[in-house]
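Structure at a glance
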Amino acid sequence: MPQAERLCADDAGLTRAAALLRNGALVAFPTETVYGLGADATDDMAVARIFEAKGRPQFNPLIVHVTGMDAARAIARFDDAADRLARAFWPGPLTLVLPRRADSGIAPLVSAGLDSIALRMPAHPLARDLLGRVGRPVAAPSANPSGRISATTADHVRDGLGERVAAILDGGACPVGLESTIVGLLPDPVLLRPGGLPAEAVEACLGAALGLPDGSAILSSGQMASHYAPRARMRLNAESATGNEVLLGFGNVAGDLNLSPTGDLVEAAANLFGHLHRLDAMRRPIAVAPVPETGLGRAINDRLRRAAAPR
Ligand code: TXA
Ligand code: MG
């Protein structure tokens, strides 16, 4: 395929992006978390192209993106807990894994044959505008080749998938910079992936602790040991660089790049993938300063541990 069309975030760009999606093409688009690699979720061939483009193992189910509760309820069954979470946090960086309706119209490949489905209502205005124009649910994993770090700018998408998508809708940098938090409700509340919404906020809303997935639960790709892997070797909890390492700093540990000089975890999350991309491009081993294990720090450390896992 030729290089992706770069589409501006204006009426013409959005019209073009929606037309491509409605014709079964892949379009990368910004959400508040990370860029998504979108396809019409009701079109099996379009969905299959996502796996092809990502080089993603087929057993990793995808998230379906919608703009409203009517569309969401047509796809999945919401119990009281799901209703409460949707009311509190949608649109926003929360994905719910719910029982899938038999007549949902969603391509089976989207949930890899499971009878559950992951749903999300993004808050990013461009994502919402685009979804409205498409008029169908859009399946979208993060817009990176499988096993690589997520894309938080249109340039990241172009570098990773530039010849495998029809178009990239350029909405600048993603404000959250970290994937959505995934909560399973089948029906017990389970934290499937920490992400842009702190798990504590979900627990406060439910008035209950989130369980952790048991061994028999579907292995979400976010749980594979070395999923978010830069090419470089990584060493965590480093106070300084040794040898030819580059140092990813946090707070007082300055580093070659710093996730947040003031120790702000929200800023660190927003910088995480961009900084990793830039350090990875230097083709040297990466040392990473300690990040506290609280709030968004849990999600950041989760990504860092995966990135550093032996492979
Ligand atoms: O912020 C995000 O969530 C971004 C943006 C584009 O929305 N999307 C994203 O998608 O991170 P992806 O495919 O990279 O991660 C989706 C995760 C995967 O780990 C997948 O296994 C899990 O969701 N998942 C999807 N459906 C599931 C299901 N039915 N049961 C359990 N896990 C599921
Ligand atoms: Mg991903």
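Scope of this entry: the structure provided in the associated data block. Keep in mind that what you see is a predicted model, and the values were worked out from it rather than measured. (Residues numbered from 1 in each chain as written. Chains lettered and ligands numbered in written order. Predicted model: local features only at pLDDT ≥ 70, side-chain atom pairs only at ≥ 80, totals over all residues. Heavy atoms only, no water.)

Positionally, L96 belongs in strand β5 (residues 94-99). Judged by relative accessible area, which is 0%, L96 ranks as buried. Distance from L96 to E200, taken between C-alpha atoms, is 16 Å for residues 104 residues apart in sequence. Apart from residues lying up to four places away in sequence, L96 is in contact with F78, A82, L85, A86, W90, I117, A118, L119, V183 and L185. (Helix = DSSP H or I, 4+ residues; strand = E, 2+ residues; numbered from the N terminus. Buried < 20%, exposed > 50% of the residue type's maximum accessible area, 1.4 Å probe, protein only. Contact = heavy atoms within 4.5 Å.)

What follows is about the sheet that holds strand β14 (residues 286-288). Strand order across the open sheet formed by 4 strands is β11-β14-β12-β13, with parallel pairing between neighbours. In this open sheet, the two strands that pair with only one neighbour each are β11 (234-235) and β13 (257-258). When strand β12 (residues 246-249) meets β13, the two strands line up parallel, connected through 2 bridges. Counted as the bridge partner of L248 is L257 from β13. (Pairing = 2+ DSSP bridges.)

Relative to the elements of secondary structure, A209 occurs in the loop between α7 (199-206) and β11. Taking C-alpha positions, A209 is 19 Å from F78, a pair spaced 131 residues apart along the chain. If we skip the residues at most four places from it in the chain, A209 touches P189 and E203.

So, about the sheet that holds β5. A sheet is described by the order of its strands in space; here 10 strands give the open sequence β1-β8-β2-β3-β7-β4-β6-β5-β9-β10, paired in mixed fashion. Pairing within the sheet leaves two strands with one partner each, and these edge strands are β1 (5-7) and β10 (189-193). In this sheet, strand β3 (residues 36-40) lies alongside strand β2 (residues 27-29) in antiparallel orientation, the contact comprising 3 bridges. Each bridged residue has a counterpart across the sheet, and for V27 the counterpart in β3 is G38.

In this model, helix α9 (residues 296-308) (13 residues) spans 18 Å end to end at C-alpha, consistent with the 18 Å of a helix rising 1.5 Å per residue. In terms of residue burial, α9 counts as a mostly covered element, since 10 of its 13 residues are buried. When we look at burial in α9, the residues that qualify are L296, G297, A299, I300, N301, D302, R303, L304, R306 and A307. (Expected span 1.5 Å × (residues − 1).)

A word on empty space enclosed by the protein. In this approach the atoms are scanned with a rolling probe the size of a water molecule, which exposes any empty space left behind. Under the definition given, this model contains 1 cavity of 30 Å³ or more. The computed volume of the largest cavity comes to approximately 40 Å³. Lining the largest cavity, in full, are P194, G195, L197, P198, A199, E200, G295, L296, R298 and A299. Breaking the lining of the largest cavity down by element, the ones donating at least two residues are α7 and α9. Looking at the lining of the largest cavity element by element, the count peaks at 3 residues for α9. Its residues assigned to classes, the lining of the largest cavity comprises 6 nonpolar, 2 polar and 2 charged. (1 Å grid on protein atoms, 1.4 Å probe; cavity = no way out; pocket = protein on both sides within 12 Å on 5 of 7 lines; lining within 4 Å. Points joined across faces, edges and corners; volume = space filled by probe spheres on them. Nonpolar A, V, L, I, M, F, W, Y, C, P; charged D, E, K, R; others polar.)

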